[in-house]
Amino acid sequence: MSAPQKLLDLVETFDRNSEAYLSGQFNEAMLRQQFINPLFKCLGWDMENEQGHAEAYKDVIHEASLKIGGATKAPDYSFRIGGTPKFYLEAKKPAVNIKDDAAPAFQLRRYAWSAKLPLSILTNFKDFAVYDGRVRPTQTDKAAAARIFHLHYTDYAADWDKIAGVFAHDAILKGSFDKFADSKKTKRGTATVDAAFLEEIESWREELAKNLALRNLQLTSRELNFAVQITIDRIIFLRMCEDRGIEPYGQLARLQNGPDVYEHLRELYRKADERYNSGLFHFQKDKDRPESADELTPRLQIDDKVLKSIFKGLYYPDSPYEFSVLPVEILGQVYEQFLGKVIRLTAGHNAKVEEKPEVKKAGGVYYTPSYIVDYIVKHTVGHLLEGKTPKQAAKLTILDPACGSGSFLLGAYKYLLEWHLKWYEEDGSAKHKKELFQAPGGPLRLATGEKKRILLANIYGVDIDPQAVEVTKLSLLLKVLEGESQQTIESQQKLFHERALPDLASNIKCGNSLIGPDFYDGQQTMAFDQEERYRINVFDWSAEFQQIMNAGGFGAVIGNPPWGQKEIADQQGIKEYIWSRYPSTKGIYDLFRPFVEKGIELTQRGGFLGMVLPDIILLKDYVETRKLLLERLTIHALNWWGMPFANAVIDAATILGAKGAPQDGHMVNVAVHDSEQPVVQEMRQADFWSNPRLVFNLHLTPEKRAVLDELETCPRLGAFFEVHEGVHSGNIREELFVDCLLNESCRPLIFGRDEIRPYLLRWNGKYIRLDAVPPRKTKERYANAGNPDWYATEKLLVRRTGDYVLAAVDRERRYASNNFFIVFPKRRCELLLDGLAALLNSPFMTWYFRAIEPRQGRVFAELKIKHLVTFPLPGAVLQPVACRELNALGASRASLAGQLVEAAVPQEQILLQRAIREVDARVRKTIQSLFELPGESARLTGLMETAHATANRTGDGPLSHP
């Protein structure tokens, strides 16, 4: 791509007048107007919003050079796609030596790192430097640290492809920017801002907890947790307000200069209450506030050293954080992890921070990715806003009944703010002077009062964890203040005579969404002590949200409810209450199930339900929950997302629907977000009723479904063969011996999955002692081998774990661990074990397995007996002639596999591999003819070959050679 003429003109102009530009008289504002804006117009960016996009969707945000503490409030430019920042640009006047001066680079990198942007640009036009925003900045870094490349202005024309190929508007839309960023990613120093800030506030919690426990011996464990949490929340709130220009910059830093730090901090709290009215600084009883005042923390003692240490790490040069650009959403991600731990007081009143039991059991806390939050919000809240005016939108109530740190409520609130701003702009900003506000030289924004109104009218949440409730409030309040300044806050206060923030006590509440006051019916309330009642935390929806419930419920219920079994003492009767109160949850106690039923119950008729759930809701047990969804929702969309949670091997799905039974012929949008085998289709909701377990198999394309329908009349494997699990040896491996005297109680054991290949078993020399006695201290059984007759005959072993089917005949009558299934005939069948091995090792059977259990390539991919017994057999299983060839092919293939293992001469190996490929081709052709699919042979062949290709990418797929 040749450089555009405009770029060449800019370079020529700069070169001709470089002496004047480098003198220092040519300032940054001039540079931006005369060089940077035209340069990025050449890259396809709408620098002046000539297309007239709404504020939320402008390509480029230009920040005024508002100085705070010697640094600008925000980057000079934010380049965005669809309102989402992709990279920042920080401009300096040409006289600044950005190639060697470390300070400008540190400033830019703090912005990019705090905003989690992979790349950003520092330029004075003379030099153009690109930095990796994923590398944590430190004050001692040199200018070249984390710099990916640097260009002099004389290189722009020659290297135009390098610039435009990454930073052009079109290049970002085509993915070139992301590919380049990924190619430059390095592990060195790439601690993300959320991980670093989590570590930071966890250290604060540790120090504050220890100090408060030491200096305030009267504190209970619950009071200590509250005091630590609210102190951290208040400090973060004030510090973020400083960098956003809402609070005086450096007021916390100045507290390091004298004694009695906590006393002076309380004075800042008092002023903040006068200014914000947020509930975060609520110390005096107020008849207009539903929540009680905080009378605990004002009388506590905190040592100066602890607070000074916290404040020191929050400011330049010690701090890498730039709070003016730190997204509120990232703060929520940090807090989600932070809330996974709790402070416990020991017998000596020492504080210990521990992981919550339920979090430890679940393997951690998993924050819902923003793209899933945005998807659910757009297709629930967005759907309900279509065609409405702001007056009508004011009646929309949005609930997250397990709000955690508030990610879904924050996403919904953000969507509402953008929708309102766009509506007012399109309707004519002159008509909406009360709702809109424009600072001198700044963009059009929603007035503070309008943002408060929207929040109080539309956003509601409940969580059982009081700390989570406070974090949700904090996140929402910081969102209200986004884009505000000290001047806008003060002018709004003078104009409307009200404080800047709303009190969210009536919107975000603490309670157990699933358990109402009827829990205590028929029980002796006094039998529950205070701690038990606090933990159960009953919640009366009709009383807490009386007006909304009287109107029929909430307009939208969204969220990611807890998954799995929470450990609550059985004697409290929690499980029994859940099972009786939510009939669809009978059986497996998994908390997402009652949340689905409660969510539907809380949604008004015609309102929307949108939830993130484990994908087992689609395919596994839980048939009653699927029945409930089919009966009570008009399902709009079902999505499978794979494993979206960082550091978690958990597959997720989303379900979106409107409350009310569907009309005949209603179609459901189905999407499988799989990079290799994506599925996008429409299915009739009524079709989900067609299978006895109401399975939602989203991975089935119409093509796959047609083949399965044709296989429906085939005999099933379980009708002719018995299938059993191998030896269960518990968690103890002492019964396995490398050397053992062979007798009736000590038998050879095929133990691990590495001992099986297609058609071939390779014993590793291990044995099992069937007479072993377990130690007294363990409850595990040594060996539950089942019926010895299973092993005393020739049998087929089928590997249990994996996303493809793998089988081999055991002719040595060995035992097998429960890594395998044991298969042998139970009635006369013309398909012998060798023929069955050929069928199971074929790409067709792997395709079939993946069609009925779509966990291919997943950590938890597993073949189960219930799958194996339903595998189709060709209709010719009762016809000796038809099966004879398959039996012979299976025996031949097994013989060739054994010969190949023994072959030592290369030419012999090549000949055997050719023979194996020939047999494999004949197996595929024979299977196709045996299943007799008239008119579908070409399609089935294509499906089989696809399964063959994808399985063999693993290196030991169904038809790979041992």
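This write-up is about the structure you can find in this document. Every value quoted in this text rests on a predicted model; they were computed, and no experiment measured them.

**Quick notes on the overall build of the protein**
Right, so step 1: For the protein, the count of helices and strands is 33 helices and 31 strands.
Right, so step 2: Looking at the 962 residues of the protein, the share that counts as buried comes to 55%.
Right, so step 3: Counting contacts in the protein only where the partners sit at least 6 residues apart, residues at least 24 apart contribute 72% of the total.
Right, so step 4: Accessible area of the protein: about 42000 Å², with a carbon and sulfur share of 50%.

**A word on the packing of aromatic side chains**
Right, so step 1: Applying the stated criterion across every chain, the model contains 54 aromatic pairs.
Right, so step 2: Both rings, one in Phe-519 and one in Tyr-520, keep their centres 5.2 Å apart while their planes meet at 75°; by these two values the pair is edge-to-face.
Right, so step 3: Judged by relative accessible area, which is 14%, Tyr-520 ranks as buried.
Right, so step 4: Between Phe-592 and Tyr-622, the aromatic rings sit 5.3 Å apart at their centres with planes inclined by 80°, giving edge-to-face as the arrangement. Of this pair, Phe-592 sits in helix H24 (residues 592-602) while Tyr-622 sits in the loop between helix H25 (616-619) and helix H26 (623-632); the two residues are 30 residues apart in sequence, bridging distant segments of the chain.

**Some thoughts on unusual backbone geometry**
Right, so step 1: The residue after Tyr-316, namely Pro-317, is reached through a cis peptide bond having omega 5°.
Right, so step 2: Mapped onto the fold, Pro-317 is located in the loop between helix H11 (304-312) and helix H12 (328-338).
Right, so step 3: Backbone geometry places Arg-813, a non-glycine residue, at a positive phi of 55°.
Right, so step 4: Along the polypeptide, Arg-813 turns up in the loop between strand E29 (807-810) and strand E30 (815-816).

**Some remarks on the sheet that holds strand E8 (residues 147-152)**
As a general point, the strands of a sheet are linked pairwise by backbone hydrogen bonds and lie either parallel or antiparallel.
Right, so step 1: Judged by pairing direction, the sheet is mixed, and its six strands sit side by side in the order E1-E4-E5-E6-E7-E8 without closing on themselves. Since the sheet does not close on itself, it has two edges, and those belong to strand E1 (60-62) and E8, each with one partner. Neighbour to neighbour, the strand axes of the sheet diverge by 20° on average, direction disregarded.
Right, so step 2: With five bridges connecting them, strand E7 (residues 127-132) and E8 associate as antiparallel partners.

**So, the pattern of salt bridges**
Two side chains with opposite charge may pair up if their charged atoms get near one another.
Right, so step 1: Taken as a whole and assessed by the stated rule, the structure comprises 43 salt bridges.
Right, so step 2: Here Asp-318 and Lys-312 are joined by a salt bridge, their closest N and O atoms 2.9 Å apart.
Right, so step 3: With relative accessibility at 44%, the residue Asp-318 sits in the partly exposed group.
Right, so step 4: The structure contains a network of salt bridges with shared partners spanning Glu-28, Arg-32 and Asp-76.

**Regarding the environment of Ile-750**
Right, so step 1: Tracing the backbone shows Ile-750 in strand E24 (residues 746-750).
Right, so step 2: Along the chain, Ile-750 and Val-727 lie 23 residues apart, while their C-alpha atoms are 9.8 Å from each other.
Right, so step 3: For Ile-750, the residues in contact, after removing those within four places along its chain, are Glu-755, Trp-763, Leu-797, Arg-814, Tyr-815, Ala-816, Ser-817 and Phe-820.

**Notes on the pairing of strand E21 (residues 679-684)**
Right, so step 1: Alternating positions in E21 separate cleanly, Val-679, Gln-681 and Met-683 being buried on one face and Val-680, Glu-682 and Arg-684 remaining unburied on the opposite face.
Right, so step 2: Relative to E21, strand E20 (residues 667-672) is paired through six bridges, and the arrangement is antiparallel. From the neighbouring strand, Ala-671 faces E21, where its bridge partner is Val-680.

**As for the packing of helix H14 (residues 370-385) against helix H16 (residues 407-427)**
Right, so step 1: Remark: H14 packs on H16, axes separated minimally by 9 Å, with the N-to-C direction vectors making an angle of 50°. Here H14 is positioned oblique relative to H16, judged by the angle of their axes. The handedness of the crossing between H14 and H16 is right-handed. Note on element contacts: H16 touches H14 through Ser-407, Phe-408, Gly-411, Ala-412, Tyr-415, Leu-416 and Trp-419, opposite Val-373, Ile-376, Val-377, Lys-378, Val-381, Gly-382 and Leu-385.

**With respect to the sheet that holds strand E11 (residues 398-400)**
Right, so step 1: Spatial ordering of the open sheet is given by E15-E14-E11-E16-E17-E19-E18-E20-E21, a layout of nine strands whose pairing is mixed. Each edge of the open sheet is held by one strand with a lone partner, namely strand E15 (508-510) and E21. Recorded for the sheet is a direction-independent mean angle of 15° between the axes of neighbouring strands.
Right, so step 2: Along the sheet, helix H18 (residues 466-481) makes contact with strand E14 (459-463) and E15, crossing E15 at roughly 170°.

**Things to note about helix H28 (residues 833-841)**
Structural remark: α-helix, 3.6 residues per turn; residues separated by three or four positions point the same way.
Right, so step 1: Counting buried positions over the nine residues of H28 gives nine, a clear majority of the element.
Right, so step 2: All of the buried residues in H28 are Leu-833, Asp-834, Gly-835, Leu-836, Ala-837, Ala-838, Leu-839, Leu-840 and Asn-841.

**Section: the side chain of Asn-458**
Right, so step 1: Along the chain, the position of Asn-458 falls in helix H17 (residues 448-458).
Right, so step 2: Under the relative-accessibility criterion, Asn-458 is labelled buried at 0%.
Right, so step 3: A distance of 2.6 Å separates a polar side-chain atom of Asn-458 from the backbone oxygen of Leu-396.
Right, so step 4: Among all residues touching Asn-458, those that are not within four sequence positions of it are Ala-393, Ala-394, Leu-396, Thr-397, Ile-398 and Leu-416.

**Digging into the environment of Ala-168**
Right, so step 1: Its place among the elements puts Ala-168 in the loop between helix H5 (160-167) and helix H6 (169-173).
Right, so step 2: Sequence separation between Ala-168 and Gly-44 is 124 residues; the distance between their C-alpha atoms is 6.0 Å.
Right, so step 3: With sequence-adjacent residues up to four places away left out, Ala-168 is seen in contact with Leu-43, Trp-45 and Ile-163.

**Quick notes on the pairing of strand E6 (residues 119-123)**
Right, so step 1: Most of E6 is tucked away: five of the five residues are buried.
Right, so step 2: Where burial is concerned, the two faces of E6 agree: the one with Leu-119, Ile-121 and Thr-123 and the one with Ser-120 and Leu-122 are both buried.
Right, so step 3: Alignment of strand E5 (residues 84-91) against E6, held across three bridges, turns out to be parallel. By the bridge assignment for E6, Glu-90 is matched with Leu-122.
Right, so step 4: The handedness of the E5 to E6 crossover, carried by helix H4 (residues 102-114), is right-handed.
Right, so step 5: Across five bridges, the pairing between E6 and E7 is antiparallel. Each bridged residue has a counterpart across the sheet, and for Leu-119 the counterpart in E7 is Asp-132.

**Observations regarding the state of the cysteines**
Right, so step 1: Considering all chains together, one arrives at zero disulfides under this definition.
Right, so step 2: No disulfide involves Cys-403; its sulfur sits 9.1 Å from the nearest other cysteine sulfur, which is in Cys-510.

Conventions used here
Note on numbering: residues in each chain are counted from 1, in written sequence order. pLDDT decides what is reported in this predicted model: residues at 70 or higher carry local features, side-chain atom pairs at 80 or more are listed and counted, and totals for whole chains, interfaces and linings draw on all residues regardless. Note that the side-chain values use all heavy atoms of the structure and ignore hydrogens as well as water. For the purposes of this entry, the term helix denotes a DSSP run of H or I that reaches at least four residues, the term strand denotes a run of E that reaches at least two, and both are numbered from the N terminus. Working definition: with a 1.4 Å probe on protein chains only, accessible area under 20% of the residue-type maximum means buried, over 50% means exposed, and in between means partly exposed. Whether two residues are in contact is decided by their heavy atoms: any pair within 4.5 Å suffices. Exposure was quantified through the Shrake-Rupley algorithm and a 1.4 Å probe, taking into account, for residues, occlusion by the shown protein chains and nothing else. Under the pairing criterion, centres of Phe, Tyr and Trp rings, with the six-membered ring standing for Trp, must be within 6.5 Å; the plane angle then separates stacked pairs below 30 degrees from edge-to-face pairs above 60, leaving the rest tilted. Note: two strands are recorded as paired if DSSP finds a minimum of 2 bridges between them. The convention used is that axes are lines fitted to C-alpha atoms, helices contributing only their stretch in contact, and that angles between N-to-C directions extend from 0 to 180 degrees. Salt bridge, as applied in this entry: a Lys or Arg side-chain nitrogen positioned within 4 Å of an Asp or Glu carboxyl oxygen. Each angle gets one of four labels, with under 35 degrees taken as roughly parallel, over 145 as roughly antiparallel, 65 to 115 as roughly perpendicular, and the rest as oblique. By definition, any crossing whose near helix is turned counterclockwise from its far helix by less than a right angle is left-handed, and any crossing with a clockwise turn is right-handed. Two N or O atoms form a polar contact when they lie within 3.5 Å of each other; inside protein one atom must be a possible hydrogen donor and the other a possible acceptor, and for residues adjacent in sequence the pair counts only when both atoms belong to side chains. Look down the strands so they point away from you; if going from the first strand over the helix to the second traces a clockwise path, that crossover is right-handed. Here, a disulfide means two cysteine sulfur atoms that sit within 2.5 Å of each other.

Distances and angles like these do not, on their own, reveal function.
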